[in-house]
Amino acid sequence: QQQVRQSPQSLTVWEGETAILNCSYEDSTFDYFPWYHQFPGESPALLIAIRPVSNKKEDGRFTIFFNKREKKFSLHIADSQPGDSATYFCAASGSNYQLIWGSGTKLIIKP
Amino acid sequence: EAAVTQSPRSKVAVTGGKVTLSCHQTNNHDYMYWYRQDTGHGLRLIHYSYVADSTEKGDIPDGYKASRPSQENFSLILELASLSQTAVYFCASSREGQDTQYFGPGTRLLVL
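All figures in this text were calculated on a predicted structure; none of them were measured in a lab.

What counts, and where the lines are drawn
Residues numbered from 1 in each chain as written. Chains lettered and ligands numbered in written order. Predicted model: local features only at pLDDT ≥ 70, side-chain atom pairs only at ≥ 80, totals over all residues. Heavy atoms only, no water. Pairing = 2+ DSSP bridges. Helix = DSSP H or I, 4+ residues; strand = E, 2+ residues; numbered from the N terminus. Axes fitted to C-alpha atoms, helices over the stretch in contact; angles between N-to-C directions. Contact = heavy atoms within 4.5 Å. Buried area = accessible area lost by both parts, 1.4 Å probe. Salt bridge = Lys/Arg side-chain N within 4 Å of Asp/Glu carboxyl O. Nonpolar A, V, L, I, M, F, W, Y, C, P; charged D, E, K, R; others polar. Phe/Tyr/Trp six-rings, centres within 6.5 Å; stacked < 30°, edge-to-face > 60°. Buried < 20%, exposed > 50% of the residue type's maximum accessible area, 1.4 Å probe, protein only.

**Student:** How do you make sense of the sheet that holds strand β8 (residues 73–78) of chain B when you look at a structure like this?
**Tutor:** In sheet architecture, strand pairing relies on hydrogen bonds along the backbone and comes in two forms, parallel and antiparallel. All names here are of chain B. In space, the 4 strands of this open sheet follow the order β1-β3-β8-β7, with antiparallel pairing throughout. Each having just a single partner strand, β1 (4–7) and β7 (65–67) make up the two edges of the open sheet. Across the sheet, the mean angle from the axis of one strand to that of its neighbour is 20°, orientation sign disregarded. As judged from the 6 bridges shared by strand β3 (residues 19–25) and β8, these two strands associate in the antiparallel manner. Looking at β8, one finds that C23 is bridged to F74.

**Student:** I keep staring at the interface of chain A and chain B and nothing clicks. Help me out?
**Tutor:** Many structure descriptions define interface size as the accessible area lost when the parts assemble. Taken together, the 20 residues of chain A in the interface contact 21 residues of chain B. For the pairing of chain A and chain B, the buried interface totals around 1600 Å² over both sides, and the portion due to carbon and sulfur atoms is 50%. Considering only the surface of chain A that becomes buried against chain B, Y97, Q98 and W101 of chain A emerge as the three largest contributors, covering 35% of it. Applying the counting criterion to the chain A and chain B interface returns 0 salt bridges. Among the elements of the structure, β4 (33–38) and β10 (100–101) of chain A are those that each provide at least two residues to the side of chain A that touches chain B. Its residues assigned to classes, the side of chain A that touches chain B comprises 9 nonpolar, 8 polar and 3 charged.

**Student:** Sorry, what's going on with the pairing of strand β7 (residues 62–67) of chain A here?
**Tutor:** Look at any regular strand and the pattern is simple: side chains alternate between the two faces of the sheet. Residues and elements named next belong to chain A. One ladder, built from 4 bridges, connects strand β6 (residues 56–59) with β7; its direction is antiparallel. Looking at the pairing, K56 lines up with F65 of β7. The hairpin turn running from β6 into β7, its antiparallel successor, is 2 residues long, and G60 in that turn takes a positive phi close to 65°. The hairpin formed by β7 and strand β8 (residues 72–77) contains 4 residues between the paired strands, and K71 there has a positive phi angle of roughly 55°.

**Student:** So what exactly am I meant to see when it comes to the packing of aromatic side chains here?
**Tutor:** The geometry of two aromatic rings is summed up by the distance between their centres and the angle between their planes. Residue and element names in this part refer to chain B. Within the structure shown, the criterion is met by 20 aromatic pairs over all chains. Pairing Y31 with Y50 gives two aromatic rings, centres 6.0 Å apart and planes at 40°, and the pair type is tilted. Residue Y31 is found in strand β4 (residues 31–37), and its partner Y50 is found in strand β5 (residues 43–51); the two are separated by 19 residues along the sequence. A relative accessible area of 15% places Y31 in the buried class.

**Student:** Where do I start with the sheet that holds β7 of chain A in this structure?
**Tutor:** Residues and elements named next belong to chain A. The 5 strands are arranged β1-β3-β8-β7-β6 in an open sheet whose pairing can be described as antiparallel. Taken across any chain shown, the strands that pair with only one partner, and hence form the sheet edges, are β1 (4–7) and β6. If you compare each strand with its neighbour and ignore which way they point, the axes differ by 15° on average. Looking at chain direction, strand β3 (residues 19–25) and β8 are connected through 6 bridges and run antiparallel. When the sheet's bridge partners are listed, S24 is paired in β8 with K72.

Structure below.
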């Protein structure tokens, strides 16, 4: 069954800390794993994505860690800033290109 | 920059009525998608299209029809709107299947 599970549902961290958001999937044929963020009242926008040729993808303060054996991937946000407060969605897709979305993590960064 | 527009931005419909949501993109993208987002939840794919005059069913197509008359335009039709279809609807486009999806601003639909 195609599902992407995301945790935690909500996360609060202090400014400057590293926020860690987690996702897992079931379909071993999935080969594309993006993270999107959505600010209140806005539409989702791509943040960073990884393909399993690598187990790590970095873009500034944002890093995806990918574990193919355990079918898990996570988003680490280093040096969290109040402006990072948003809802973050992980997703996955395979050969049919349909993105399966996680349920989202509402991230709050406290100054 | 990628541009996806949706109309209307909000709509109140009556149960049993017909609703048409429109999406227009100027990205020259082949793929277009319709999602619904319920409060506090993620996105669920309703219909998508990878070429004009053809549409595909997503995960939750029941109660919805889609139309792709041209590369730029993609519509979502609710023939008989129901209370359970109250949600925010997002249209998106992408150059290829596994590629960045660019979202429109969303349409807030309230069915009474």
